[in-house]
Amino acid sequence: MLNGSDGGKGMKIRILGCSGAVAKGYNTTSILVNDNVLVDAGSAASELDFTQLRMIGNIFLTHAHIDHIKELPFILDAICSQSSAGLDIWGSAITIEALREHFFNGLLWPTLEQLGLDSGKCRFNVMTEEIMEIDGLKVKSIDALHSPGAYSYIISQSDKHVIFSGDTSCNKALFDEALSLSDGLKLFFVEASFPDSMNDIAGLSGHMTPEIIHSEMKHFKDTRFIAYHIKPRFFEEVLKDIPEGMEYIKGGEVFEV
Ligand SMILES: [Zn+2]
Ligand SMILES: [Zn+2]
């Protein structure tokens, strides 16, 4: 599955899962950057072996919806009892609070204290700085238009940038920021949960369609636009709406920039 070497200067992006729901052949969002940074925790535990999981040092969560966090307990189980360096989990204040209050709360799953993870092995952190530097990467959060506290992320390595929109409806601030990156913006993973025929529902639920993306994409010259977070039940319909010049992913792809 993997190609290229870890020693190069390029950024490697491996799509572990990227769908808007779980169905046979589709799993939810988890994207591995350079083997040690994970964006969202929807499918990493079921796609990576223990050795690969234990290379992850930082997880950036776009938001707390279940499709983006559902494998977090199993990632912690694999990493935190073994790794001496431990694991840092990052998100907005609302996302981190939601995990503590509504997921790791002793009901849906044991608390971190009950899991014995209060010893610095597993750290839930609020992103207090807009741009963080981690392992040679810069990670910038931008408020998304979705659930409270949802983020989009721009991840940069030297002069190359990749954007993960996360779940969001059309966000002028995100597209303006993307345009400012000019030809340094190599990959723009942008969510297309619904087909064009459901533009209204997409907008109401904080999502997008290929048509909405296409209207913004025209302003970019050298950036690859890659639709993701497609709902499995609408997959074929969304594919028909993907215009020329736009790509899509289903999970399992590897990109190097
Ligand atoms: Zn989602
Ligand atoms: Zn969501």
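Structure: see above.
Quick summary incoming for the structure in this document.

So, how was this worked out
- Residues numbered from 1 in each chain as written.
- Chains lettered and ligands numbered in written order.
- Predicted model: local features only at pLDDT ≥ 70, side-chain atom pairs only at ≥ 80, totals over all residues.
- Helix = DSSP H or I, 4+ residues; strand = E, 2+ residues; numbered from the N terminus.
- Rg over C-alpha atoms; globule rule 2.2 N^0.38 Å.
- Buried ≥ 20, exposed ≤ 12 C-beta atoms within 10 Å, placed from the backbone.
- Contact = placed C-beta atoms within 7 Å.
- Pairing = 2+ DSSP bridges.
- Right-handed = clockwise from strand over helix to strand, strands pointing away.
- Axes fitted to C-alpha atoms, helices over the stretch in contact; angles between N-to-C directions.
- Arc of directions from axis to C-beta.

Before going further, it helps to spend a moment on the overall build of the chain. When helices and strands are tallied, the chain shows nine helices and 14 strands. A globule of 257 residues ought to have a C-alpha radius of gyration of about 18 Å, and the chain, at 17 Å, matches this closely. Projected onto its principal axes, the C-alpha positions of the chain cover 50 × 40 × 35 Å. Looking at the chain as a whole, 45% of its 257 residues are labelled buried. When contacts within the chain are restricted to residue pairs at least 6 apart in sequence, those whose partners lie at least 24 apart make up 59%.

Let us look at the pairing of strand β11 (residues 185-191). Where burial is concerned, most of β11 is hidden: seven out of the seven residues are buried. Both strand β10 (residues 160-164) and β11 contribute to a ladder of four bridges, which runs parallel. Along β11, the bridge assignment pairs His161 with Leu185. Note on the crossover from β10 through helix α6 (residues 172-180) to β11: the handedness is right-handed.

As a further point, take the sheet that holds strand β8 (residues 137-143). Spatially, seven strands are ordered β7-β8-β9-β10-β11-β12-β13 in an open sheet, and the strand pairing comes out mixed. The open sheet has two free edges, formed respectively by β7 (131-134) and β13 (246-248), since each of these has just one partner strand. Taken pair by pair, the neighbouring strands of this sheet meet at an average axis angle of 20 degrees, ignoring direction. Examined bridge by bridge, β7 and β8 share four bridges and lie antiparallel to one another. Bridging across to β8, Ile131 finds its partner in Lys140.

This next bit is on α6. Three or more residues of α6 are buried, namely Leu174, Phe175 and Ala178. Relative to the axis of α6, the buried residues are bounded by an arc of 95 degrees and lie together on one face. Looking at α6, the residues exposed on the side facing more than 90 degrees away from the buried face are Lys172, Ala173, Asp176 and Ser180. Buried-residue contacts for α6 involve β8, β9 (151-157), β10, β11 and α8 (210-217). Looking one or two residues past α6, Ser182 carries a phi angle of roughly 50 degrees, positive in sign.

For Gly203, the position within the fold is in helix α7 (residues 199-204). For Gly203, a count of 16 C-beta atoms within 10 Å gives the class partly exposed. Taking C-alpha positions, Gly203 is 9.5 Å from His146, a pair spaced 57 residues apart along the chain.

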